Amino acid sequence: MNRDTFRSAYDKLALTDECKSEMKAKLLANMDQQRGGDFYDVGDCHRAREIKITRRKRGPLKTALFAGSAAAAAAGLAVGAGFWLNRNPAELQHNLTPPLEARTAETQTVEANAEKEYFTKRYASGTMTFQEFTVSTRAHSQPEEAVPKDEQADYISREILERYLLGMDEEFDKWINGLREDNEKAGCEAHDIEQVIAGRPLGDELWLSDVLCSGSGTAFTYLSKDGTKQVNISVSDDPDEFLPITLPDGGYLVPAGEYQSSFVVCDYTEHGYYQFVDPETFDLAAGSEEIGGDEYFAAVFAFDCADRGMKYYRLDGKNITREQFIGCVGKAAAVNLHDHYGYYSDDGMNKLPPEREQWNSDCPVIPEAAVEETMWGEIRVNVIANKYPWVNSSYHFNVEYTDSNIIPEEYRYSIKDITEYSGIDLEKALPEDFEKREVSYFARYDGMSFNNSEYGWGANKEMLPGDDREQFDISRDYIVNDYEALSGEEECSYYTTDKIEYFSGKTRTGALYSVECRSDGESGLIKVDVFDDWEMFSRETRALFGRLPAEKTVGFAGVEDKSLYVGGNVLNGNEYYIGGFSTGDGKYVVLQAENTGLDGFAEVLAKLFTNNFEAVPQ
Amino acid sequence: MRCCLNCRKGVVILIGVNKETVSVLFDENADMVYRIALNIVKNREEAQDIVMDVFTALIRQESFADGGHAKAWLIRAAQNKALNVMNSSRIRRNIPLDELLESALSAPVTDSEHELLDLVMRLPDKLKTTVYMYYYEDMTAAQIAEALQISENTVYKRLERGRSALKISLEEDEV
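Residues numbered from 1 in each chain as written. Chains lettered and ligands numbered in written order. Predicted model: local features only at pLDDT ≥ 70, side-chain atom pairs only at ≥ 80, totals over all residues. Heavy atoms only, no water.

Undergrad: Hey, could you go over the overall build of chain A for me, with residue numbers and the actual values?
TA: Each helix and strand in chain A was counted, giving 17 helices and 26 strands. Evaluated residue by residue, chain A yields a buried proportion of 57% over its 618 residues. A separation threshold of at least 6 residues defines the contact pool for chain A, and within that pool the share at least 24 residues apart is 68%. A total of about 25,700 Å² of accessible surface is found on chain A, and carbon and sulfur atoms cover 45% of it. (Helix = DSSP H or I, 4+ residues; strand = E, 2+ residues; numbered from the N terminus. Buried < 20%, exposed > 50% of the residue type's maximum accessible area, 1.4 Å probe, protein only. Contact = heavy atoms within 4.5 Å. Areas by Shrake-Rupley, 256 points an atom, 1.4 Å probe, with all protein chains shown as cover.)

Take a look at the structure:
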């Protein structure tokens, strides 16, 4: 059989012409009803316009920005480009809370706060609480080297447009105007444009005015045309370097006490995963004060950007709306403030319209975590708002093994390998009646890459430094090369095993073992993943926790010294649970179960969690 | 600006959803939506209902990044609607494959074609849609990944498993 056979067969699975005509007529009639007739039927609205935003090579300034002077901004504002952030809340608190003398150096009147009601709201990944701010005149440094306008536009639009454009800038404006003109010529409404510019908290009200940089930081200033509205964003390696909005009588706002807002590190759009076991959070202080008839906003927080070190952020706002300011904070912090991946309103209290449903939760609102009683002890079940396949999690491994690989027995992987890796006897933990078992294994190796891409994925085509010719040649036999028939761009290959000699001198930097088992003839499914790299774990499907951070289960199955995190919900009519814990040596175990019932899930979880197969229900 | 997570090429093409585009999209894709739905629900009437559901949802959209994205959206919507139907109480009875194919085919098929359709219909849902999109719709792995919201690796894996299950032997020049 070949593709032609396939095509000829499938061509005959078709709607009849009569059926299609009837459907189309109904559809177009529906369209008239739903959209009020001619509004959308305005000629050439569908005409395509190509918008080219190809990435350019970095100019001298940009090179400088990345190399040093504005490395903080690049690292901080471009977190979405794939940097994983590690937060250390304790350190942040220590470093960022202004010294007492700063807080007492007030030079002007801030409205009496004794009876002030502060704004607080639960967002998708944390809680924003506006707190009391006071005025400080404490000396600080600030970036002072002006970045030329043409470089600004280029930098902003090329590097941070997608995620961090907060308002307008010249290049973006040109782009949007071009689009508007084309739409007008075509006689179309502007709904396409609105979709393009949606999501920028400052919209087209505030424009990028200045970018200043120094050896350690960068500051961006956005201004409204009349100069009454302003936003400053400062990012620096130095906690004392920032560009605040100066108050009428001098000084700037600083938080009056400990930071009261907290968010979980969770960047779905780029990283595509949420480390729900021992999730990292970071603290943030935000607030607003009315001074001299103007509304001033301020927010401070910091990230530990892994190898880029600690980056200190300060945002100032003047006469913008609270939601605009919070939006700016969300963009700068790269946290998912506003919605639950588009399925619920920002506070989780309203499910969005049904056309957005995909693998949807049956919950009209996202409830808080609830304690459920099982035979093995109490479990705190966090609500899973959705479970969905993920797009952007590929390219994280060099070895891909599945049971369908055709390789010698000694190079295959089994539950025994997972047991050896995790120290937990999976054979004993898995229910006996889940007989259909499939093992898969993924690994990532240092320096290995199919095409020398930044992701470091696939099987290297050429010998690596230090490779033995004979071993390298043998290793070619253990590459999945079925895909070489695909077009050049898609060519893709992986090692099917790393149990061959070629890998003996290589350094494995990440591993993921999985076993998926099904109950025979039933809808029950149990999947156990053991891994040391969350990026690799989330390669196919994931659970989206509705309320973040996930709350811990304490004392389950009599274990007091390990953290356990559990989520669950009914999704599209299927009961779904997920539970995860750390084994304490850098590895994580995650159990997923479908249609097993809570007790069925809890029993397997208890065995994995305790590594005790004689354990009895509590 | 990337218009979706899979787009790295820095180009966005926008099209509005109006009667003309819906009409074109329907003409070009109704059979595809039907096949995807039929693959999953294995019920001709349900598959036809899904076609209507999918295009009704389409007209609620404001715009698409381009025609390719519209197709990707239709595929995803068709698969999701079909899976929802399978998970709901709408389908309770299993129709024998022979009976299904007989009712769903618009023209006579040869024995080998029938055998192939039968084999494909028996594939697990995940593999079936991927195989169909690759072999019939001429979609690339990247396009399938975007349409199904899975990684390209997963597409390759499913194709491998699908081919293995179907025992299809493809010569390089046939692909």
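Undergrad: Which residues make up the overall build of chain B, and what are the values?
TA: The number of helices and strands found in chain B is 8 helices and 3 strands. Each helix and strand of chain B, ordered N terminal to C terminal, gives the series β-β-α-α-β-α-α-α-α-α-α. Counting the 175 residues in chain B, one finds 61% classified as buried. Counting contacts in chain B only where the partners sit at least 6 residues apart, residues at least 24 apart contribute 67% of the total. Here chain B displays about 6,700 Å² of accessible surface, and carbon together with sulfur accounts for 45% of that area.

Undergrad: Break down the environment of threonine 497 of chain A for me, citing the residues and quoting the values.
TA: All names here are of chain A. With respect to the helices and strands, threonine 497 occurs in the loop between β19 (494–495) and β20 (508–518). What makes threonine 497 buried here is its relative accessible area of 0%. Between the C-alpha atom of threonine 497 and that of isoleucine 479, which follows or precedes it by 18 residues, the distance is 8.2 Å. Contact partners of threonine 497, with chain neighbours within four places excluded, come to Val399, Ile407, Tyr411, Tyr413, Tyr478 and Phe503. A polar side-chain atom of threonine 497 sits 3.3 Å from a polar atom in the side chain of tyrosine 413. (Polar contact = N/O pair within 3.5 Å; in protein donor to acceptor, adjacent residues only side chain to side chain.)

Undergrad: Can you explain the nonpolar core? Please cite residues and give values.
TA: Residues Val33, Val51, Val54, Phe55, Leu74, Ile75 and Met133 of chain B are the most contacted members of the largest nonpolar core, which totals 61 residues. No other element matches helix α1 (residues 19–41) of chain B, which puts 12 residues into this core. Those residues within four positions of valine 54 of chain B in sequence are excluded, and the remaining contacts are Val33, Trp73, Leu74, Ala77, Ala78 and Lys81 of chain B. By size, the runner-up hydrophobic cluster in this structure holds 55 residues, among which are Tyr413, Phe472, Tyr495 and Phe581 of chain A. (Core = buried A, V, L, I, M, F, W, Y, C linked by side-chain atoms within 4.5 Å.)

Undergrad: Which residues make up the pairing of strand β11 (residues 281–291) of chain A, and what values go with them?
TA: All names here are of chain A. Most of β11 is tucked away: 9 of the 11 residues are buried. In this structure, strand β10 (residues 261–264) lies alongside β11, joined through 4 bridges in antiparallel fashion. Bridge assignment links serine 261 to a residue of β11, and that residue is leucine 284. Direction of pairing for β11 relative to strand β12 (residues 294–304): antiparallel, over a ladder of 7 bridges. Note on β12: the bridge partner recorded for glutamate 289 is tyrosine 296. Counting the residues that bridge the hairpin from β11 to β12 gives 2 residues, and of these glycine 292 lies at a positive phi of roughly 60 degrees. (Pairing = 2+ DSSP bridges.)

Undergrad: So what's going on with the side chain of glutamate 400 of chain A? Residues and values would help.
TA: Relative to the helices and strands, glutamate 400 of chain A is located in strand β16 (residues 399–402). Given a relative accessible area of 8%, glutamate 400 of chain A falls into the buried group. Ignoring sequence-local partners within four residues, the contact set of glutamate 400 of chain A consists of Asn405, Tyr441, Phe442, Tyr494, Tyr495 and Thr496 of chain A together with Lys157 of chain B.

Undergrad: Can you break down the sheet that holds β12 of chain A residue by residue, with the values?
TA: Residues and elements named next belong to chain A. Across the sheet, 10 strands lie side by side as β2-β3-β10-β11-β12-β13-β8-β7-β6-β5; this open sheet has antiparallel pairing. Taken across any chain shown, the strands that pair with only one partner, and hence form the sheet edges, are β2 (120–123) and β5 (145–146). One ladder, built from 4 bridges, connects β2 with strand β3 (residues 126–129); its direction is antiparallel. Bridged to arginine 122 within β3 is threonine 127. Contacts from helix α12 (residues 322–333) reach β2, β3, β8 (230–236), β11, β12 and β13 (310–318) within the one sheet, and its direction differs from that of β12 by about 15 degrees. (Axes fitted to C-alpha atoms, helices over the stretch in contact; angles between N-to-C directions.)

Undergrad: Could you give an account of the packing of aromatic side chains, naming the residues involved and the relevant values?
TA: Residue and element names in this part refer to chain A. Counting across every chain of the model gives 27 aromatic pairs over all chains. Look at phenylalanine 263 and phenylalanine 282: their rings are 6.3 Å apart centre to centre, the planes differ by 35 degrees, and that puts the pair in the tilted class. Here phenylalanine 282 lies in strand β11 and phenylalanine 263 lies in strand β10, a separation of 19 residues in the sequence. The exposure classification of phenylalanine 263 matches that of phenylalanine 282, with both residues buried. Seen from their ring centres, phenylalanine 397 and tyrosine 494 are 5.3 Å apart, and the 40 degrees between their planes marks the pair as tilted. Note that phenylalanine 397 is positioned in the loop between β15 (377–389) and β16 and tyrosine 494 in strand β19, a separation of 97 residues in sequence. Exposure remark for tyrosine 494: the relative accessible area of 2% places this residue in the buried category. Three or more aromatic residues joined by ring pairs form one cluster here, namely Tyr401, Tyr413, Tyr421, Tyr441 and Tyr513. (Phe/Tyr/Trp six-rings, centres within 6.5 Å; stacked < 30°, edge-to-face > 60°.)

Undergrad: Quick one: what's the story with helix α7 (residues 141–148) of chain B, residue by residue and with numbers?
TA: Most of α7 of chain B sits inside the fold, with 6 of its 8 residues counted as buried. Among all positions in α7 of chain B, only Ala141, Ile144, Ala145, Glu146, Ala147 and Leu148 of chain B are buried.

Undergrad: Go over the pattern of salt bridges with me, naming the residues and quoting the values.
TA: All names here are of chain A. Within the structure shown, the criterion is met by 20 salt bridges over all chains. Aspartate 533 is the partner of arginine 444 in a salt bridge, and the nearest nitrogen-oxygen pair spans 2.2 Å. One end of the pair, arginine 444, is in strand β17 (residues 436–445); the other, aspartate 533, is in the loop between β21 (525–531) and α16 (534–537), and 89 residues separate them in sequence. Across the pair, exposure class does not vary: arginine 444 and aspartate 533 are buried alike. (Salt bridge = Lys/Arg side-chain N within 4 Å of Asp/Glu carboxyl O.)

Undergrad: So what's going on with α1 of chain B? Which residues, and what values?
TA: All names here are of chain B. Along its 23 residues, α1 runs just 29 Å from first to last C-alpha, ending more than 12% under the 33 Å computed at 1.5 Å per residue. Of all the bends found along α1, the most pronounced is centred on asparagine 29 and spans about 55 degrees. Extensive coverage of α1 is indicated by the burial of 18 of its 23 residues. With its phi angle positive at about 50 degrees, lysine 42 sits one or two positions after the end of α1. (Expected span 1.5 Å × (residues − 1). Bend = angle between axes of the 7 residues up to and from the residue.)

Undergrad: Account for unusual backbone geometry, with residues named and values stated.
TA: Residue and element names in this part refer to chain A. Positive phi values are uncommon outside glycine, yet asparagine 319 reaches one of about 60 degrees. Note that asparagine 319 resides in the loop between β13 and α12. Of note in the backbone geometry, asparagine 595 takes a positive phi value of approximately 55 degrees without being a glycine.

Undergrad: Explain the environment of lysine 461 of chain A residue by residue, including any values.
TA: Residue and element names in this part refer to chain A. Among the secondary structure elements, lysine 461 is positioned in the loop between β17 and α15 (469–475). What makes lysine 461 partly exposed here is its relative accessible area of 43%. Setting aside chain neighbours within four positions, we find lysine 461 in contact with Ser449, Phe450, Phe472 and Arg476.

Undergrad: How would you summarise the confidence of the model for chain A if you had to cite specific residues and measurements?
TA: The predicted coordinates should not be examined in detail at positions where pLDDT is low. On average, chain A scores 73 in pLDDT, and the residues at 70 or more come to 65%. A low-confidence stretch, residues 482–490 of chain A (pLDDT under 50), is modelled with 17 contacts involving residues beyond four sequence positions or located in other chains. (pLDDT = per-residue confidence, 0-100.)

Undergrad: Help me get a handle on the packing of α1 of chain B against helix α2 (residues 44–58) of chain B, residues and values and all.
TA: Residues and elements named next belong to chain B. At a closest axis distance of 8 Å, the pairing of α1 and α2 adopts a crossing angle of 140 degrees. Between α1 and α2, the crossing angle belongs to the class labelled oblique. As α1 packs across α2, the resulting crossing turns out to be right-handed. Residues Val22, Leu25, Phe26, Asn29, Ala30, Val33, Tyr34, Ala37, Leu38 and Val41 of α1 form the contact with α2, whose own contacting residues are Arg44, Glu46, Ala47, Gln48, Ile50, Val51, Val54, Phe55 and Leu58. Here the contact of α1 with α2 is composed, by residue class, of 15 nonpolar, 2 polar and 2 charged. (Parallel < 35°, antiparallel > 145°, perpendicular 65-115°, else oblique. Left-handed = near helix turned anticlockwise from the far one by under 90°. Nonpolar A, V, L, I, M, F, W, Y, C, P; charged D, E, K, R; others polar.)

Undergrad: Run through the confidence of the model for chain B, naming residues and quoting values.
TA: Residues and elements named next belong to chain B. On average, residues of chain B score 68 in pLDDT, and 59% of them reach the 70 mark or higher. Below pLDDT 50 for its whole length, residues 89–93 participates in 9 contacts with residues either more than four positions away or in separate chains. For this predicted complex, the interface confidence reaches an ipTM of 0.75, while the overall pTM sits at 0.59.

Undergrad: Explain the pairing of β20 of chain A residue by residue, including any values.
TA: All names here are of chain A. Of the strand pairs in this sheet, β17 and β20 are connected by 10 bridges, and their pairing is antiparallel. Its bridge partner being in β20, valine 439 is matched across the sheet by valine 515. As paired strands, β20 and β21 are joined by 7 bridges and run antiparallel to one another. When the bridges of β21 are listed, serine 514 appears paired with aspartate 529.

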